[in-house]
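Structure assessment
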Amino acid sequence: MGTAPLLLGAAAFASVLMTVLYGVQRRTGDAGLVDAGWCGGLGVVALGYAAFADGDVLHRILLVLVAVPWSFRLAYYLITDRVLRGEEDGRYRALRETWGEQAQRNFFFFFQAQAGFILLFSVPMLMTAQALDPGPSLWDIAGVVVGLGAIAGEGLADRQLRLWRKNPANQGTTCRAGLWRYSRHPNYFFEWLHWWAY
C-alpha cells in the first residue's frame, strides 16, 4: 500500500480515537487520558504500517519490535500512574479553569491536535515500514539495540520514580534515587533516545 493511503488511514484512526477519548473526558471530567491515548495510538498506527506497508518484511517486524512495546508500555504507565489515581492532572485542571465556559470546545480541538501529533510522529515509523532494502544491516541492528535499550531505561526510570513517590517522607522533595541521581529527567532522556531508533 502506498504512502498516501497509509497516512490517510492513520489520520482517520487517530481522529476517531481522540474523538472517543474526548467523549470519555466529557463524562469523567479528566482530560489526562489524552496522554495515554496519544502514545497508545502511535502503537496501533505502527501495527497498521507494519501490516499494510510495502517495505521489506524484516523492517516491518523490527518496527513492531521497537514501536509497539514502547507505545503500550508508556500508555499503560500513564493510565496506571495518572489516569487511575482519581484526580485530573494539574496541567489539565489549569486549562479547564483558564478556559472556563469554553473548556469543552477547546478540549475537543486539543484532543484533535493530539491526533495530528500521532500522524506527525508516525512518519519515522512509516519510513521504517516502507524501507525496501533487505535487512538486517548494521543500522537495523543498531536501531533495535537503541530502541529496546531506551524502552528498558525509560521503564526503569519510571519504576524508580513511582517507588520513590510511594514513600511519604519524600513528599515535596526532588527524586535523586537510581537513574534520577544522574539526570533531572532520565525518563525523558530515554524517551528522546527511543526516537533515534527509527
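Refer to the structure presented above.
Within this structure, the stated rule accounts for nine salt bridges. Residue Arg-91 is joined to Asp-35 by a salt bridge in which the shortest nitrogen-to-oxygen separation is 2.9 Å. With Arg-91 in helix α4 (residues 90-99) and Asp-35 in helix α2 (residues 33-52), this pair connects stretches of sequence that are 56 residues apart. Glu-154 is the salt-bridge partner of Arg-73, the closest N and O atoms lying 3.6 Å from each other.

What follows concerns the nonpolar core. In terms of nonpolar packing, the biggest core is built from 37 residues, with Met-18, Tyr-49, Leu-63, Trp-70, Phe-111 and Met-125 touching the most fellow members. Ranked by residues supplied to this core, first place goes to α2 with ten residues. Trp-70 has contacts with Trp-38, Cys-39, Leu-42, Met-125, Ile-151, Glu-154, Glu-191, His-194 and Trp-195, leaving out every residue within four places of it along the chain. Membership of the second largest hydrophobic core comes to five residues, among which are Leu-161, Trp-164, Cys-175 and Trp-180.

A cluster of nonpolar side chains, Val-44, Leu-47 and Phe-72, forms an exposed patch at the surface whose accessible area comes to about 230 Å². As for its placement among the helices and strands, Leu-47 is situated in helix α2. For Leu-47, a relative accessible area of 35% translates into the label partly exposed.

Now for the side chain of His-59. Looking at where His-59 falls in the secondary structure, it is placed in helix α3 (residues 57-83). Not counting the four nearest positions on each side in its chain, His-59 is found in contact with Thr-128, Ala-131, Asp-133, Pro-134, Gly-135 and Asp-140.

Quick look at the environment of Ala-142 now. Relative to the helices and strands, Ala-142 resides in helix α7 (residues 138-166). As for Ala-142 and Arg-85, which are separated by 57 residues in sequence, their C-alpha atoms are 37 Å apart.

Let us look at helix α5 (residues 103-121). Compared with an ideal rise of 1.5 Å per residue, which puts 19 residues at 27 Å, α5 spans 26 Å between its outermost C-alpha atoms and is within 8% of the ideal. Those residues of α5 that fall on the buried side of the exposure criterion are Ala-103, Asn-106, Phe-107, Phe-111, Gln-112, Gln-114, Ala-115 and Ile-118.

All right, on to α3 then. Its 27 residues place the ends of α3 36 Å apart at the C-alpha level, agreeing with the 39 Å of an ideal helix rising 1.5 Å per residue. Two or three places before Leu-58, at the start of α3, stands the capping residue Asp-56, its side-chain oxygen 3.2 Å from that residue's backbone nitrogen.

Parameters at a glance
Residues numbered from 1 in each chain as written. Predicted model: local features only at pLDDT ≥ 70, side-chain atom pairs only at ≥ 80, totals over all residues. Heavy atoms only, no water. Salt bridge = Lys/Arg side-chain N within 4 Å of Asp/Glu carboxyl O. Helix = DSSP H or I, 4+ residues; strand = E, 2+ residues; numbered from the N terminus. Core = buried A, V, L, I, M, F, W, Y, C linked by side-chain atoms within 4.5 Å. Buried < 20%, exposed > 50% of the residue type's maximum accessible area, 1.4 Å probe, protein only. Contact = heavy atoms within 4.5 Å. Patch = residues over 30% accessible without salt bridge, like charges linked within 9 Å, V, L, I, M, F, W, Y side chains within 5 Å. Areas by Shrake-Rupley, 256 points an atom, 1.4 Å probe, with all protein chains shown as cover. Expected span 1.5 Å × (residues − 1). Polar contact = N/O pair within 3.5 Å; in protein donor to acceptor, adjacent residues only side chain to side chain.

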